[in-house]
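# Examination of the molecular architecture
Spelled out, the chains give:
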Amino acid sequence: MKILRAPQSVAAWSERLRKEGLTIGFVPTMGALHDGHRSLIRAARLRCDALVVSIFVNPTQFGPTEDLTKYPRPITHDRALCRAEGVDVCFEPTPDAMYPEGCQTIVTVPEIAHRWEGKTRPHHFAGVATVVTKLFGIVRPHVALFGQKDYQQAALIKRLVADLNLGVTIDVRPTIREKDGLAMSSRNRYLSPDDRRAATILYQSFQAGRQAIEAGAKSVSTVECIMAKMVAQESTAHIEYLALCDPASLEPLTQVKGRILLLGAIRIGSVRLIDNMLITR
Ligand code: PAF
C-alpha cells in the first residue's frame, strides 16, 4: 500500500490508472477507522480495480466549540486496517496541502444543509461539501462510498455531485451496528460505560417508530411522540431532533405514507449521536 501525502502524487497516480482504463474506488474518511469504514472499503474493493482511502481530519467542518485537536488520530491502526483490506493508496494530506494560503472557494448546498444537523452545526456541511469536492478533484474516482449513518451528508454529496457535474457515482451503504443496535461511529469511544449502555436508546426509538408505523399509526406527530417517549426513558439522553422526513428532500413529512426516513440526533453527556432508519409504508 502506498502512503501518499501530496495531492499532486495522488492526482498523478489516478491519472495513470485512468489512462490504463482501470476503475478507481474512493472511501473518504477522517480516520479512527471502525467496522463501518471497513465495510465501505470491502464494498469498494469488490466493485473497483483500484482503491484509495483518504484520512484527513478536515478542520473546516468543525465548529468553534467542537474540539478539532481532540479528534482521535490512531494512524498506525488505520493504516494497518487499510493494508489488511487491500487498499492501494492511503491519502494522508496535511491541512496546509488541502487549504494552501490564498484558497477561498467554499462549496455550499444550502437547502439540504440548513436542516437537522445544520441547525446545531451551521458551518459543518459547507466544510464537508468543500473538502469532498476537493478530494474528488484530486483523486478523480469513478465511485465514492459513504455510510448511510450520515444520511444527510450522503444526500448532500449526491446533490453536489449532480449539481456540479462531478461525474462520480455515489454508493451509499447500510449502517453497520454493534450487536445491541448502536450505529458504529468514531464518537462512540467517548461514551462512558453507563452512557454506552444508554446510547442504544436512539436505535430503540427508531424501532418503536417503525412498529407504530407498521401498526397503522395515522399521524406524524403520534410517531414522533412515541419515539421521543422511548428516548425519555433514558434520563441522561437529550433529544436534539427526532423526525419523520422525506428520504429525498429531507423535508419534514406531513403524512405517514410512502418511503419514510426516521432521522434523529441525541446528546448523552457531551457526546452527540446521530442515526436514521428508512422504512416504506
Ligand atoms: O464522514 C466523514 O468522515 C467526513 O465528513 C468526510 C466525508 C470524510 C469529509 O471530511
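See the structure shown above.
The structure displayed is predicted, hence computed values, not measured ones. (Residues numbered from 1 in each chain as written. Predicted model: local features only at pLDDT ≥ 70, side-chain atom pairs only at ≥ 80, totals over all residues. Heavy atoms only, no water.)

A word on the overall build of the protein. Of regular secondary structure, the protein possesses 11 helices and nine strands. Over its C-alpha trace the protein gives a radius of gyration of 19 Å, about what one expects of a compact globule, namely 19 Å for 281 residues. Taken along the three principal axes of its C-alpha coordinates, the protein extends 55 × 40 × 40 Å. Residues counted as buried form 52% of the 281 residues belonging to the protein. In the protein, the proportion of contacts linking residues at least 24 apart, taken out of those at least 6 apart, comes to 72%. Within the structure as shown, the protein displays about 13500 Å² of accessible surface, and the carbon and sulfur contribution to it stands at 52%. (Helix = DSSP H or I, 4+ residues; strand = E, 2+ residues; numbered from the N terminus. Rg over C-alpha atoms; globule rule 2.2 N^0.38 Å. Buried < 20%, exposed > 50% of the residue type's maximum accessible area, 1.4 Å probe, protein only. Contact = heavy atoms within 4.5 Å. Areas by Shrake-Rupley, 256 points an atom, 1.4 Å probe, with all protein chains shown as cover.)

The next thing to look at is the nonpolar core. Counting residues in hydrophobic clusters, the biggest one holds 45 residues, and the most contacted among them are Val52, Phe136, Leu156, Ile157, Ile170, Leu250 and Leu263. With nine residues, the top contributor of residues to this core is helix α7 (residues 124-139). With residues near it in sequence (within four places) discarded, Val52 still touches Trp13, Ile24, Gly25, Phe26, Val27, Val89, Phe91 and Val139. One finds Ile201, Phe206, Ile260 and Leu262 within the second-largest nonpolar core, a separate group that totals 30 residues. (Core = buried A, V, L, I, M, F, W, Y, C linked by side-chain atoms within 4.5 Å.)

Here we take up the site of the ligand. In the vicinity of the ligand, the contacting residues are Pro28, Thr29, Met30, Asn58, Gln61, Val128, Val131, Phe146 and Gln153. One nitrogen or oxygen atom from the side chain of Gln61 is found 2.6 Å from an oxygen atom belonging to the ligand. Going through the elements one at a time, β2 (24-29) and α7 are the ones with two or more residues in the shell around the ligand. Along the lines of polarity and charge, the residues of the shell around the ligand split into five nonpolar, four polar and no charged. (Near = heavy atom within 4 Å. Polar contact = N/O pair within 3.5 Å; in protein donor to acceptor, adjacent residues only side chain to side chain. Nonpolar A, V, L, I, M, F, W, Y, C, P; charged D, E, K, R; others polar.)

Strand pairs in the sheet, formed through backbone hydrogen bonds, run parallel or antiparallel to each other. Strand order in the open sheet formed by three strands is β7-β8-β9, and the pairing between neighbours is antiparallel. With partners counted over all chains shown, the strands left at the sheet margins are β7 (237-245) and β9 (271-280), one partner each. Between one strand and the next, the sheet's axes are offset by a mean angle of 10°, whatever the strand orientation. With 10 bridges connecting them, strand β8 (residues 259-268) and β9 associate as antiparallel partners. Within the sheet, the bridge partner assigned to Leu262 lies in β9 and is Met277. The strands that helix α11 (residues 220-232) touches are β7 and β8; relative to β7, the one it contacts most, it runs at about 155°. (Pairing = 2+ DSSP bridges. Axes fitted to C-alpha atoms, helices over the stretch in contact; angles between N-to-C directions.)

To continue, consider empty space enclosed by the protein. If you walk through the whole model with that rule in mind, you get one cavity of 30 Å³ or more. When its volume is computed, the largest cavity comes out at roughly 60 Å³. Lining the largest cavity are Lys149, Gly181, Leu182, Ala183, Ser185, Asn188, Ala199, Leu202, Tyr203, Leu273, Ile274 and Asp275. Elements with a minimum of two residues in the lining of the largest cavity: α10 (201-214) and β9. Per element, the largest residue contribution to the lining of the largest cavity is three residues, and it comes from β9. Across the lining of the largest cavity, the residue classes tally to seven nonpolar, three polar and two charged. (1 Å grid on protein atoms, 1.4 Å probe; cavity = no way out; pocket = protein on both sides within 12 Å on 5 of 7 lines; lining within 4 Å. Points joined across faces, edges and corners; volume = space filled by probe spheres on them.)

Taken across its five residues, strand β5 (residues 143-147) has four buried, putting it largely inside the fold. In this structure, β2 lies alongside β5, joined through two bridges in parallel fashion. Bridge pairing in β5 links Gly25 to Val143. Bridge analysis of β5 against strand β6 (residues 169-173) gives five bridges, and the strand direction is parallel. Across the sheet, the residue bridging to Val143 is Thr169, located in β6. Crossover connection from β5 via helix α8 (residues 151-163) to parallel β6: handedness right-handed. (Right-handed = clockwise from strand over helix to strand, strands pointing away.)

This next bit is on α11. In an α-helix there are 3.6 residues to a turn, and that puts residues three or four apart on one side. End to end, α11 covers 18 Å across 13 residues, agreeing with the expected 18 Å (1.5 Å per residue, within 8%). Buried residues of α11: Val220, Val223, Met227, Met230 and Val231, and no others. Along the axis of α11, the buried positions cluster into a sector of 100°, meaning they face one direction only. Every exposed residue of α11 that faces more than 90 degrees away from the buried side is listed here: Lys229 and Ala232. (Expected span 1.5 Å × (residues − 1). Arc of directions from axis to C-beta.)

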